[in-house]
Amino acid sequence: MENYAGTSAVPETAAVESEAAIPARLLPVAELHLHIEGTLQPELIFALAERNGITLPYSHIDELRQRYEFTDLQSFLDLYYANMAVLQTEEDFAAMTHAYLERAAASGVRHAEIMMDPQAHLSRGIPLETCVNGVASVLATSREDFGISTMLIAAFLRDLPEESALEVLDGLLAMDAPIGAIGLDSAEVGNPPAKFERLYARARGAGLRLTAHAGEEGPASYITEALDVLKVERIDHGIRCMDDPDLVERLVQERIPLTVCPLSNVRLRAVDTLADHPLPAMLAAGLNVSVNSDDPAYFGGYVDDNFTQLQAVFELSDFDRARLAANSIHSSFASEERKAELLEELNGGDATP
Ligand code: HPA
Ligand code: ZN
């Protein structure tokens, strides 16, 4: 297995210490690509349905689990949106968020930037305040309760018109929602980034950080468009950049973070098997990649599961793993102080064994 010491994926200020100095342990990481609604586990779906008097179209948990066979992104999205029906009250959103943070802490996550899909709740008649306040109430004390600093990202559904996104962004700003960034998700092909140029300009003007899904199922050109038209700082997924060597060179030069989700890519058939995943090639190319779970309840695992399975297939060295962890911390929207703290922990300080 190649060693990436010579690549530029970690800037000098973040130097990972020598390979020998990094013990095999659960690494402190930042999770940058996570949809909170994608953390709804089948057990919680059933518990919330019962609490809210909702009849699910599955008679038991195993019947629901049998539906977790996806053929592409849309086949997943259909189930993901349908299961959101159980989220009715602030307490429901809080319970989902609490469960994620508890599990994430056990994965080594020390900082999490969490997307939620307000439009998917508004369209079901759930007010913005209910979903935002429910999630935010748990994030407010995540550092004390779970050792995880957090940021909430409002993600917009790219298969809806830009007008809807603009209206929701205005609503979030009017209620002074505790969001730090915006994202763009849902059905990618046929919904290019440029459709949301005004949304991103408005969010940028409001001081929000910017990320967008691009190059998951969509072409490499969507990545370029997200950078040039939306002026995003980070790309979610981005694996299709490997189809375009000039784009790879640009992403390396500009150190654009790509929040890669290996198990998601396998489950949604963006790649055939984990062994076919481009992550090692992306690392070798010097790209600034991190490992993330996307929708862990649906795709077979949290961040630690992603690392474990990558390790099993690619025999990642401790150095590779530390580089991925360092990339995640550097690519986060956390304060410089928080990043420095996490990098110190990564470089041999106080990581949980
Ligand atoms: N891709 C696009 N939209 C999404 C995803 C994803 O993996 N998960 C939740 N919304
Ligand atoms: Zn995603």
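As shown above, the structure is provided for reference.
All figures in this text were calculated on a predicted structure; none of them were measured in a lab. Residue positions are given per chain, counted from 1 along the sequence in the order it is written. Key to labels: chains lettered from A, ligands numbered from 1, both in the order written. Note on the predicted model: pLDDT of at least 70 is required for a residue's local features to be given, and 80 or more for side-chain atom pairs to be given and counted; whole-chain, interface and lining totals, by contrast, use all residues. For the side-chain quantities, the full set of heavy atoms in the structure was used; hydrogens and water were omitted.

Draft legend 1. The environment of Ile45, seen in detail. Within the secondary structure, Ile45 sits in helix H1 (residues 42-52). Considered as a pair, Ile45 and Leu56 are 11 residues apart in the sequence and their alpha carbons are 8.9 Å apart. With near-sequence residues (within four places) excluded, Ile45 lies in contact with Leu40, Leu56, Leu64, Tyr68, Asn83, Val86 and Tyr298. A helix here means a DSSP run of H or I that spans at least four residues, while a strand means a run of E at least two residues long, and both kinds are numbered starting from the N terminus. Residue contacts are counted whenever heavy atoms from the two residues lie within 4.5 Å of one another.

Draft legend 2. Structural view of the pattern of salt bridges. Only one rule defines a salt bridge in this text: a Lys or Arg side-chain nitrogen within 4 Å of an Asp or Glu carboxyl oxygen. Counted by the stated rule, this structure contains 19 salt bridges. Between Glu162 and Arg198 there is a salt bridge, with its nearest N and O atoms 3.0 Å apart. Here Arg198 lies in helix H9 (residues 197-205) and Glu162 lies in helix H8 (residues 162-174), a separation of 36 residues in the sequence. The exposure class of Arg198 is partly exposed, given its relative accessible area of 45%. As a salt-bridge pair, Arg250 and Glu254 come within 3.1 Å of each other at their nearest N and O atoms. When its relative accessible area of 23% is taken as the criterion, Arg250 is described as partly exposed. When salt bridges with common partners are traced through the structure, they connect Glu43, Asp62 and Arg65 into a single cluster. Here's how the labels work: a residue is buried when its accessible area is under 20% of the maximum for its type, exposed when over 50%, partly exposed in between, all with a 1.4 Å probe on protein chains only.

Draft legend 3. Structural view of the sheet that holds strand E5 (residues 209-214). Two strands pair under a simple rule: DSSP has to find at least two bridges between them. Read from one edge of the open sheet, eight strands run E1-E2-E3-E4-E5-E6-E7-E8, paired in parallel fashion. Across the chains shown, the open sheet's two edge strands, defined by having one partner strand only, are strand E1 (29-35) and strand E8 (288-291). The mean angle between the axes of side-by-side strands here comes to 25°, regardless of whether they run parallel or antiparallel. Here six bridges tie strand E2 (residues 109-116) to strand E3 (residues 149-157), and the two strands are oriented parallel to one another. Within E3, the residue paired with His111 across the bridge is Ser149. Orientation is described by lines fitted to C-alpha atoms, with helices fitted over the stretch in contact, and by angles between N-to-C directions that extend from 0 to 180 degrees. Most of the contacts of helix H15 (residues 303-314) go to E8, to which it runs at about 110°, and overall it touches E1, E2 and E8.

Draft legend 4. H8, seen in detail. Every helix has an expected span of 1.5 Å times one less than the residues it contains. When the terminal C-alpha atoms of H8 are compared, their 18 Å separation across 13 residues agrees well with the 18 Å that a helix rising 1.5 Å per residue should span. Packed against the buried residues of H8 are helix H5 (118-122), helix H6 (128-139), E3, strand E4 (179-185) and H9. In the segment just after H8, Asp176 is the residue with positive phi, at about 55°.

Draft legend 5. Here's a closer look at the packing of aromatic side chains. For Phe, Tyr and Trp, rings pair up if their centres lie within 6.5 Å, where Trp contributes its six-membered ring, and each pair is then called stacked (planes under 30 degrees apart), edge-to-face (over 60) or tilted (otherwise). Summed over all chains, the structure comprises nine aromatic pairs. Between Phe76 and Tyr80 the ring centres are 5.0 Å apart and the planes differ by 40°, which places this aromatic pair in the tilted class. In this pair, Phe76 and Tyr80 both sit in helix H3 (residues 73-83), four residues apart, roughly one turn of the helix. Tyr80 gets classed as buried once you look at its relative accessible area, which sits at 2%. Here a set of aromatic residues connected by ring pairs shows up, and it is made of Tyr68, Phe70, Phe76, Tyr80, Tyr81, Tyr298 and Phe299. A ring has a charge above it when a Lys NZ or an Arg CZ is no more than 6 Å from the ring centre and no more than 35 degrees off the ring normal. Positioned above the aromatic ring of Phe333, the side-chain terminus of Arg234 is 4.0 Å from the ring centre.

Draft legend 6. Inspection of the nonpolar core at higher detail. In this structure, Tyr100, Phe156, Tyr200 and Tyr298 are the most contacted members of the largest nonpolar core, which totals 107 residues. With sequence-adjacent residues up to four places away left out, Tyr298 is seen in contact with Glu37, Gly38, Leu40, Ile45, Tyr68, Phe70, Phe76, Leu79, Tyr80, Asn83 and Arg267. Within the second largest apolar cluster, six residues are counted, among which are Ile153, Ala155, Ala181 and Phe333. Grouping buried Ala, Val, Leu, Ile, Met, Phe, Trp, Tyr and Cys residues that are joined through side-chain atoms within 4.5 Å yields what is termed a nonpolar core.

Draft legend 7. Up close: unusual backbone geometry. Phi angles above zero are rare outside glycine, and Ser186 is one such case at about 80°. Assignment of secondary structure puts Ser186 in the loop between E4 and H9. You will see that Glu315, though not glycine, has its phi angle at about 50°, which is positive. Here Glu315 lies in the loop between H15 and helix H16 (318-330).

Draft legend 8. Structural view of the pairing of E4. Here E4 lies mainly inside the structure; seven of its seven residues are buried. Where E3 meets E4, six bridges bridge the pair, whose relative direction is parallel. By the bridge assignment, Phe156 is partnered in E4 with Leu184. With the strands pointing away from the viewer, any crossover whose connection runs clockwise from the first strand over the helix to the second is right-handed. Following the backbone out of E3, through H8 and into the adjacent parallel E4, one traces a crossover that is right-handed. In this fold, the crossover linking E4 to E5 by way of H9 has right-handed handedness.

Draft legend 9. Spotlight on the site of ligand 1. Any residue with a non-hydrogen atom lying within 4 Å of a molecule or strand is treated as near it. In the vicinity of ligand 1, the contacting residues are His35, Leu73, Phe76, Leu77, Tyr80, Asp185, Ser186, His213, Glu216, His237, Asp294 and Asp295. Residues adjacent in sequence count toward polar contacts only when both atoms are side-chain atoms; beyond that, a polar contact is any pair of N or O atoms within 3.5 Å, and within protein one must be able to donate a hydrogen and the other to accept it. Between a nitrogen atom of ligand 1 and a main-chain N or O atom of Ser186, the distance comes to 2.8 Å. Glu216 has a polar side-chain atom sitting 2.8 Å from a nitrogen atom of ligand 1. Accessibility throughout is a Shrake-Rupley quantity obtained with a 1.4 Å probe, and a residue counts as covered only by protein chains that appear here. Protein contacts shield 100% of the accessible area of ligand 1, which totals 260 Å² for the unbound molecule.

These figures come from the coordinates and say nothing about function on their own.
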